[in-house]
Amino acid sequence: MSISTEMGSLHQRAIAAFQRGEPEVAVDLLREAVEADPGSAVAANDLGNVLAQLGRVAEAIPAFRRAIELEPAYAEAHNNLANLYQMTGNPEEAVAGYQTALRLQPEYAEAYRNLASALWRMERTEDAAAALAKAVSIHPGYIEAVALLAHQLKQLCDWRMIGELTRQLIRAVEDGSGGDGSGAVNPFVFLTLETTARQQRLCAEQWAQARRLMGNEAVRAPMVRERISIGYL
């Protein structure tokens, strides 16, 4: 078996193990995959993702750095490393990482959403709102970003887009477009909008269902894209 074939087999087995809810097994297999092909940026990035999901941040950071060293133009690895910087209380480095990811991949809506989170932590609320607006302009169906944008704009007392954003969120709740966990509307944000009690309950039910789905699937597709979840109360 060639090195690339061996690495590919280990990688696929790691993905399967993670999807079965066996992250520790996935870590071991991904470490073997990295050893089998030390030049694989994808394997290093995925190892970082699983370690991050396990809360092993100190081990995840070097894995993402290794992926970037191997492939400096790997926008997703820059985004993932920035997520860890943000999670560990270093928003300045996180912002720099997201900006690098966006220079490499200008239409990276999720990086804009994550950038907004870091900017908000730095109390740069207007810049955060602008980043969220950019995420929504790239991906109008990005319901999580739409909800966060509505929240940020209300903090800024900027009402120009609130009506349209509210209608978009109500449509998402009414037609259940976020009910599969891909973009359920945050019920705490939804409560601040002009919505009915029935809509609020439906929103909360969809949000709870989405969280259950994510738990059952070991946080869906972590090897494809890491995501930070931010709650507002």
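These lines cover the structure that appears in this document, whether it is placed above or below. Residue positions are counted from 1 within each chain, in the order its sequence is given. Thresholds applied to this predicted model are a pLDDT of at least 70 for local features of residues and 80 or more for the giving and counting of side-chain atom pairs; totals over whole chains, interfaces and linings are not thresholded and use all residues. The side-chain numbers reported here are obtained from all heavy atoms of the structure, hydrogens and water having been left aside.

## Thoughts on the overall build of the protein chain
(1) Moving on: Each helix corresponds to a stretch of at least 4 residues labelled H or I by DSSP, and each strand to a stretch of at least 2 residues labelled E; elements are numbered beginning at the N terminus. Looking only at helices and strands, one finds 12 helices and zero strands in the protein chain.
(2) Moving on: What you see in the protein chain, going N to C, is helices and strands ordered as α-α-α-α-α-α-α-α-α-α-α-α.
(3) Moving on: Split into buried and exposed, the 233 residues of the protein chain put 48% on the buried side.
(4) Moving on: Note on contacts: a residue pair qualifies if any of its non-hydrogen atoms lie within 4.5 Å across the two residues. For the protein chain, the share of sequence-separated contacts (at least 6 apart) that also reach a separation of at least 24 residues comes to 55%. Each residue is placed in one exposure class: buried if its accessible area under a 1.4 Å probe, protein chains only, is under 20% of its type's maximum, exposed if it is over 50%, and partly exposed if it falls in between.

## Side note on the nonpolar core
(1) Moving on: To qualify as a nonpolar core, a set must consist of buried Ala, Val, Leu, Ile, Met, Phe, Trp, Tyr and Cys residues joined through side-chain atoms within 4.5 Å. Counting residues in hydrophobic clusters, the biggest one holds 70 residues, and the most contacted among them are Leu-84, Leu-115, Leu-149, Leu-169, Val-185 and Phe-190.
(2) Moving on: Residue contributions to this core peak at eight residues, all from helix α9 (residues 143-155).
(3) Moving on: Ignoring any residue separated from it by four or fewer positions in sequence, one finds Leu-84 in contact with Ala-52, Val-57, Ala-60, Ile-61 and Phe-64.

## Some thoughts on the packing of helix α3 (residues 41-53) against helix α4 (residues 57-70)
(1) Moving on: Think of each axis as a best-fit line through the C-alpha atoms, taken over the contacting stretch in the case of a helix, with angles from 0 to 180 degrees between the N-to-C directions. Packing of α3 against α4 brings their axes to within 8 Å, and their N-to-C directions diverge by 160 degrees. The angle between α3 and α4 places the two elements in the roughly antiparallel class. In terms of crossing hand, the pair formed by α3 and α4 is left-handed. Residues Ala-41, Ala-44, Asn-45, Leu-47, Gly-48, Asn-49, Leu-51 and Ala-52 of α3 form the contact with α4, whose participating residues are Glu-59, Ala-60, Ala-63, Phe-64, Arg-66, Ala-67 and Leu-70.
(2) Moving on: All residues other than Ala, Val, Leu, Ile, Met, Phe, Trp, Tyr, Cys, Pro, Asp, Glu, Lys and Arg, Gly among them, are scored as polar; the first ten of these are nonpolar and the last four charged. Here the residues of the contact of α3 with α4 are counted per class, giving 10 nonpolar, three polar and two charged. An angle counts as roughly parallel when it lies under 35 degrees, as roughly antiparallel when it exceeds 145, as roughly perpendicular when it falls between 65 and 115, and as oblique in every other case. Crossing handedness follows the turn of the near helix against the far one: under a right angle anticlockwise gives a left-handed crossing, and clockwise gives a right-handed one.

## Digging into the pattern of salt bridges
Note on pairing: side chains with opposite charge can pair once their charged atoms come close.
(1) Moving on: Salt bridges are counted wherever a side-chain nitrogen of Lys or Arg sits within 4 Å of a carboxyl oxygen of Asp or Glu. Counted by the stated rule, this structure contains 12 salt bridges.
(2) Moving on: Among the ionic pairs, Glu-205 bridges to Arg-201, the shortest N-O distance being 3.0 Å. With a gap of four residues between them, Glu-205 and Arg-201 both fall in helix α12 (residues 197-216), about one helical turn apart.
(3) Moving on: Residue class for Arg-201 comes out exposed when judged on its relative accessible area of 60%.
(4) Moving on: Connected through salt bridges with shared partners, the residues Glu-24, Arg-31, Arg-56 and Glu-59 form a single ionic network.

## Points about helix α5 (residues 75-87)
(1) Moving on: Expected helix span is taken as 1.5 Å per residue step, with the number of steps being one fewer than the number of residues. With 13 residues, α5 ought to run about 18 Å at 1.5 Å a step, and its terminal C-alpha atoms sit 19 Å apart, in line with that.
(2) Moving on: Taken as a whole, α5 has its buried residues at Ala-75, Glu-76, Ala-77, His-78, Asn-79, Asn-80, Leu-81, Ala-82, Asn-83, Leu-84, Tyr-85 and Gln-86.
(3) Moving on: In this fold, the buried residues of α5 make contact with α3, α4, α6 (91-104) and α7 (109-121).
(4) Moving on: Gly-89 lies just past α5 and shows a positive phi near 80 degrees.

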